[in-house]
Amino acid sequence: MNIAVVGTGYVGLVTGVTLSDIGHNVTCIDIDKEKVEIMKKGTSPLYEPGLSELMNKNIKQSRLFFTTNHAEGFANAEVIYIAVGTPENEDGSANLAYVEQVAKDIAQYVVQDLIVVTKSTVPVGTNHKIKTIITENLVNNIKFEVVSNPEFLKEGSAIKDSFEGDRIVIGADSSEASAIIEKINQPFGVPVFRTDVRSAEMIKYASNAFLATKISFINEISNICDRVEANVEDVAKGMGMDKRIGPDFLKAGLGYGGSCFPKDTKALIQIAGNVHYDFQLLKGVVNVNRKQQRMIIEKLLERMPDIKGKRIAVLGLSFKPNTDDMREAASIVVTNSLIDRGAEVIAYDPIAMNNAKKILAPEVEYSTSVKGAINESDAVLILTEWDEIKDIDLNFFSEMKYPLVVDGRNCFDLETMREHHIEYHSVGRPSIS
Ligand code: NAD
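Rules used in this analysis
- Residues numbered from 1 in each chain as written.
- Predicted model: local features only at pLDDT ≥ 70, side-chain atom pairs only at ≥ 80, totals over all residues.
- Helix = DSSP H or I, 4+ residues; strand = E, 2+ residues; numbered from the N terminus.
- Rg over C-alpha atoms; globule rule 2.2 N^0.38 Å.
- Buried ≥ 20, exposed ≤ 12 C-beta atoms within 10 Å, placed from the backbone.
- Contact = placed C-beta atoms within 7 Å.
- UniProt positions renumbered as here; feature names shortened; annotations may be inferred.
- Axes fitted to C-alpha atoms, helices over the stretch in contact; angles between N-to-C directions.
- Left-handed = near helix turned anticlockwise from the far one by under 90°.
- Nonpolar A, V, L, I, M, F, W, Y, C, P; charged D, E, K, R; others polar.
- Near = placed C-beta within 6 Å.
- Domains from an automatic or database assignment.
- Core = buried A, V, L, I, M, F, W, Y, C linked by C-beta atoms within 7 Å.
- Parallel < 35°, antiparallel > 145°, perpendicular 65-115°, else oblique.
- pLDDT = per-residue confidence, 0-100.
- Pairing = 2+ DSSP bridges.
- Right-handed = clockwise from strand over helix to strand, strands pointing away.

Each helix and strand in the protein chain was counted, giving 17 helices and 14 strands. For the protein chain, whose C-alpha radius of gyration is 23 Å, the value lies close to the compact-globule estimate of 22 Å for 433 residues. Across the 433 residues of the protein chain, 46% fall into the buried class. Here the analysis covers contacts within the protein chain between residues at least 6 apart in sequence; of these, 70% occur between residues at least 24 apart.

Turning to the UniProt feature "domain: UDP-glucose/GDP-mannose dehydrogenase C-terminal" (unreviewed entry) in the protein chain, a few remarks are in order. Sequence positions flagged by UniProt for "domain: UDP-glucose/GDP-mannose dehydrogenase C-terminal" (unreviewed entry) are, in local numbering, residues 313-414. With 27% helix and 18% strand, the stretch residues 313-414 has end C-alpha atoms that lie 20 Å from each other.

We now examine the packing of helix H5 (residues 97-109) against helix H6 (residues 126-137). In the contact formed by H5 and H6, the axes pass within 8 Å of each other and the chain directions differ by 35 degrees. For the pair H5 and H6, the crossing hand works out as right-handed. Seen from H5, the contacting residues are Val 99, Glu 100, Ala 103, Lys 104, Ile 106, Ala 107 and Gln 108; seen from H6, they are Thr 126, Ile 130, Ile 133, Ile 134 and Asn 137. Among the residues making up the contact of H5 with H6, the classes are represented as 7 nonpolar, 3 polar and 2 charged.

Moving on, we get to the environment of Asn 89. For Asn 89, the location among the structural elements is in the loop between strand E4 (79-82) and H5. A tally of 15 C-beta atoms within 10 Å means that Asn 89 is categorised as partly exposed.

So, about unusual backbone geometry. In this structure, Glu 376 takes a positive phi of about 65 degrees despite not being glycine. Relative to the elements of secondary structure, Glu 376 occurs in the loop between helix H15 (370-374) and strand E12 (379-382). Phi angles above zero are rare outside glycine, and Asn 410 is one such case at about 50 degrees. Note that Asn 410 resides in the loop between strand E13 (404-407) and helix H17 (414-419).

This brings us to the site of the ligand. Around the ligand lies a shell of 27 residues, among which Gly 7, Gly 9, Val 11, Gly 85 and Ser 120 are the nearest. When contributions to the shell around the ligand are tallied by element, the ones reaching two or more residues are helix H1 (10-21) and H5.

Attention shifts here to the domain arrangement of the protein chain. For the protein chain, the domain assignment lists domain 1 (2-195) and domain 2 (196-433). On a C-alpha basis, the centroid separation for the pair domain 1 and domain 2 is 32 Å. If you look at the interface, domain 1 gives 28 residues, while domain 2 gives 25 residues. Listing elements by their share of the side of domain 1 that touches domain 2, those giving two or more residues are H6 and strand E7 (168-171). By residue class, the composition of the side of domain 1 that touches domain 2 is 13 nonpolar, 11 polar and 4 charged.

A few words on the nonpolar core. One finds Val 6, Ile 80, Ile 82 and Val 116 to be the most contacted residues of the largest nonpolar core, which totals 72 residues. Residue contributions to this core peak at 8 residues, all from helix H9 (residues 197-228). Mapped onto the domain boundaries, this core takes at least three residues apiece from domain 1 (2-195) and domain 2 (196-433). Every residue in contact with Ile 82, bar those within four places of it in the chain, is listed here: Val 6, Val 99, Val 102, Val 116, Val 117, Thr 118, Lys 119 and Ser 120. Ranked by size, the runner-up nonpolar core spans 47 residues in total, among them Met 295, Leu 315, Ala 356 and Val 380.

What follows deals with the packing of H9 against helix H12 (residues 280-303). Running from N to C, H9 and H12 cross one another at 55 degrees; their axes reach a closest spacing of 9 Å. By the angle class used here, H9 and H12 are oblique. In this structure, H9 crosses over H12, and the sense of that crossing is left-handed. On H12, the residues touching Ala 209, Ala 212, Thr 213, Ser 216, Asn 219 and Glu 220 of H9 are Leu 281, Leu 282, Val 285, Val 288, Asn 289 and Gln 292. Within the contact of H9 with H12, the residues separate by chemical class into 6 nonpolar, 5 polar and 1 charged.

Taken as a whole, the protein chain shows an average pLDDT of 97; of its residues, 100% reach a score of 70 or greater. We note a pTM of 0.95 for the whole complex and an ipTM of 0.99 for its interfaces.

Turning to the sheet that holds E13, a few remarks are in order. Two orientations exist for strands paired in a sheet by backbone hydrogen bonds: parallel and antiparallel. Pairing within the open sheet is parallel, and its 6 strands lie in the order E11-E10-E9-E12-E13-E14. Lying at the two open borders of the sheet, with one neighbouring strand each, are strand E11 (365-366) and strand E14 (423-425). Relative to strand E10 (residues 344-348), strand E9 (residues 311-315) is paired through 5 bridges, and the arrangement is parallel. The partner of Ile 312 across the bridge, within E10, is Val 345. Where H12 meets the sheet, its contacts fall on E12, E13 and E14, and the angle it forms with E13 comes to roughly 155 degrees.

This part covers the pairing of E13. For a regular strand, side-chain orientation follows a simple rule: the groups alternate between the two sheet faces. Neither face of E13 is exposed, since Leu 404 and Val 406 on one face and Val 405 and Asp 407 on the opposite face are all buried. Regarding the hand of the β-α-β motif, the stretch spanning E13, H17 and E14 is right-handed.

See below:
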């Protein structure tokens, strides 16, 4: 089919590339000219394993195109995917300005009957609002349906998730429209769940809120483990063996970050509030997460109360491994707090340093290697569990003034750290001194 995808962020670009890979003709549209120029050359503007290779393959096979021009992108489109951002407003609600603009662009430029598919995460009722905006602004006399098809990919494994996802949710008012969207996705071989539009919109928020709840839950358990000298890793393993609980998303650490969980949890609290429902549990989840990002600083200060003038190495800056996404990363809160206390911060990340430089305080210095960051530092803080960091040569720590490591992601085995004579404080596990 001829498909247009509007917005080429993590979701839009992956959607466009994977849909072209299963045989559709796809035109990706973005208002960012620089980005479009880069993509036309076959280069991905964002780091996502396997994405550039797949992009190049499909550009060469003339199935994947890029443009900044909505009219050109919509000219032959039988289906248009909306994949623009829905960032957080100041009050926590979802900002729908980008989605609404796309709805207006669709109304202005479409020239044939089509289906509009919303991939962006949008509050319940938004797809019906999109339908109204298009209807009210429609220039040409065409028929259209709006379908909700929320995205569940994870940054860092987005390509794999597209081909091996757990489910594709399709919410539509018309069974013909859902059948077409199901057929488009058939080659992915992923189970499809069909429902109504509002339920589909809610499935996305409820899923992210539930996963965030699991993370905050295990983090609270880890804080108790710290105080009662239990080991949260064993606790999580023992819990996860119960099929009703499951082993995933029970990794204690510095809490969740990124572009989805922080904003989607707050948006769901707003969605509930709008219908006079106080979502108390989710408010707790958000508060726990806020505290958890600061926990590593508290652990460092317990051990080293005055960090003024101390050289602190920070390893891992992206919000999770295998992505260059810095949105809501714990490194923002942690480096700001270190700098406010007068510490010198030397940071390292395998991929996210360019993005980090745009976001972190200007005082942060950067090292081109793990070893360079650790060298001569007074303490090392680990914020992201990149493989390169987990596989670090532990002898590097002997090049510190004194080997003190505070690990927010439980990257190392306690016994190994003891054997290497490293003072080691991690999350919900006994300290090694
Ligand atoms: P993003 O911010 O990375 O990218 C959005 C893109 O849309 C940008 O390139 C921007 O230039 C472009 N854009 C904005 N307005 C436009 C317009 N009028 N026409 C064309 N392009 C326009 O966003 P993202 O992270 O890909 O997220 C997109 C949506 O998907 C959000 O609603 C998000 O919540 C949801 N989502 C994200 C993820 C994720 O892991 N990032 C996962 C699932 C769902």
